[in-house]
Amino acid sequence: MARRMIIAGNWKMNKTPSEAVALIKELIPLVKNDAVDVVFCVPAIDIIPAVEAVKGTNIKIGAENMYFEESGAYTGEIAPNMLVDAGVSHVILGHSERRGYFGETDLDINKKVKKAFEHDLTPIICCGESLEQREQGITIDWIRQQIKIAFLDITADQAKAAVIAYEPIWAIGTGKTATSDQAQEVCGAIRDCIREIYDEATADAIRIQYGGSVNAKTAPDLFAKPDIDGGLVGGASLKAEFGDIVNYE
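A brief look at the structure comes next.

Reading the values: the criteria
- Residues numbered from 1 in each chain as written.
- Predicted model: local features only at pLDDT ≥ 70, side-chain atom pairs only at ≥ 80, totals over all residues.
- Heavy atoms only, no water.
- 1 Å grid on protein atoms, 1.4 Å probe; cavity = no way out; pocket = protein on both sides within 12 Å on 5 of 7 lines; lining within 4 Å.
- Points joined across faces, edges and corners; volume = space filled by probe spheres on them.
- Helix = DSSP H or I, 4+ residues; strand = E, 2+ residues; numbered from the N terminus.
- Nonpolar A, V, L, I, M, F, W, Y, C, P; charged D, E, K, R; others polar.
- Buried < 20%, exposed > 50% of the residue type's maximum accessible area, 1.4 Å probe, protein only.
- Pairing = 2+ DSSP bridges.
- Axes fitted to C-alpha atoms, helices over the stretch in contact; angles between N-to-C directions.
- Parallel < 35°, antiparallel > 145°, perpendicular 65-115°, else oblique.
- Left-handed = near helix turned anticlockwise from the far one by under 90°.
- Contact = heavy atoms within 4.5 Å.

**Brief notes about the layout of surface pockets**
Here comes step 1: The calculated volume of the largest pocket comes to roughly 470 Å³.
Here comes step 2: Taken together, 20 residues make up the lining of the largest pocket; nearest its centre are Pro43, Ala44, Glu64, Asn65 and Arg98.
Here comes step 3: Sorting elements by how many residues they give to the lining of the largest pocket places helix H4 (residues 96–102) first, with three residues.
Here comes step 4: Residue composition of the lining of the largest pocket, by class: eleven nonpolar, four polar and five charged.

**What about the pairing of strand S5 (residues 122–127)?**
Here comes step 1: Counting buried positions along S5 gives six out of six residues, so the element sits mostly inside the fold.
Here comes step 2: Here strand S4 (residues 90–93) pairs with S5 via four bridges, running parallel. The residue of S5 that forms the bridge with isoleucine 92 is isoleucine 124.
Here comes step 3: Where S5 meets strand S6 (residues 163–166), four bridges bridge the pair, whose relative direction is parallel. Within S6, the position partnered with isoleucine 124 by the bridge is valine 163.

**Considering the packing of helix H5 (residues 106–118) against helix H7 (residues 139–150)**
Here comes step 1: Where H5 contacts H7, the two axes come as close as 8 Å, and the packing angle between them is 40°. Taken together, the axes of H5 and H7 are oblique relative to one another. Of the two elements, H5 crosses H7, and the hand of that crossing is right-handed. On H7, the residues that touch Asp106, Leu107, Asn110 and Val113 of H5 are Gln145, Gln146, Ile149 and Ala150.
Here comes step 2: When the residues that make up the contact of H5 with H7 are grouped by side-chain class, the tally is four nonpolar, three polar and one charged.

Encoded structure:
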């Protein structure tokens, strides 16, 4: 089946609210492509002005994280219903920076995925291996574990609506990009894992992105691979170059 491409920008901890609006205004004409889902995942403080700035465009706004509780004494956290009320449609969950710097576990990610689906938010579920793990030859085993735990108690219908982002940690912000063949190998293995957990129809429906130093030069080869359905773009999503990535063909 033909899956619709999804290209998302992960802004990370960049751009004040006013800077975010200025960048969005610059990018709006550059990222027009009705054949692709375009998502800007922005810092929490930028969400409300960003949602306002993209009204009437093809751009959707995503969050970079959320907590797995509805409300309560969780100082500094953001609940899923807050994101929905603010106009968010997507949320990045389990990014390697969240796992590495803030100690998020696979089970934490699973709780967040469940909560995202409860609120009709589309989760962008991140997975990826370190350079050490790749050199040890355990990339596929490691990523299969991340996927299997992330999708615990998630129904097939929910899984079909999810997005998985494969981001080799050694390629994030380093300028190193996995070759298109390396990326395809892992994204294909992720789809095989989903096929094992669920069925052929679910594996065919789920969208798998590649992320890790994606740029205008590397995007066409990556996105041409059969199991890569777009990208989760870091640094290049903050530049005009993002338009070239969205319009990669």
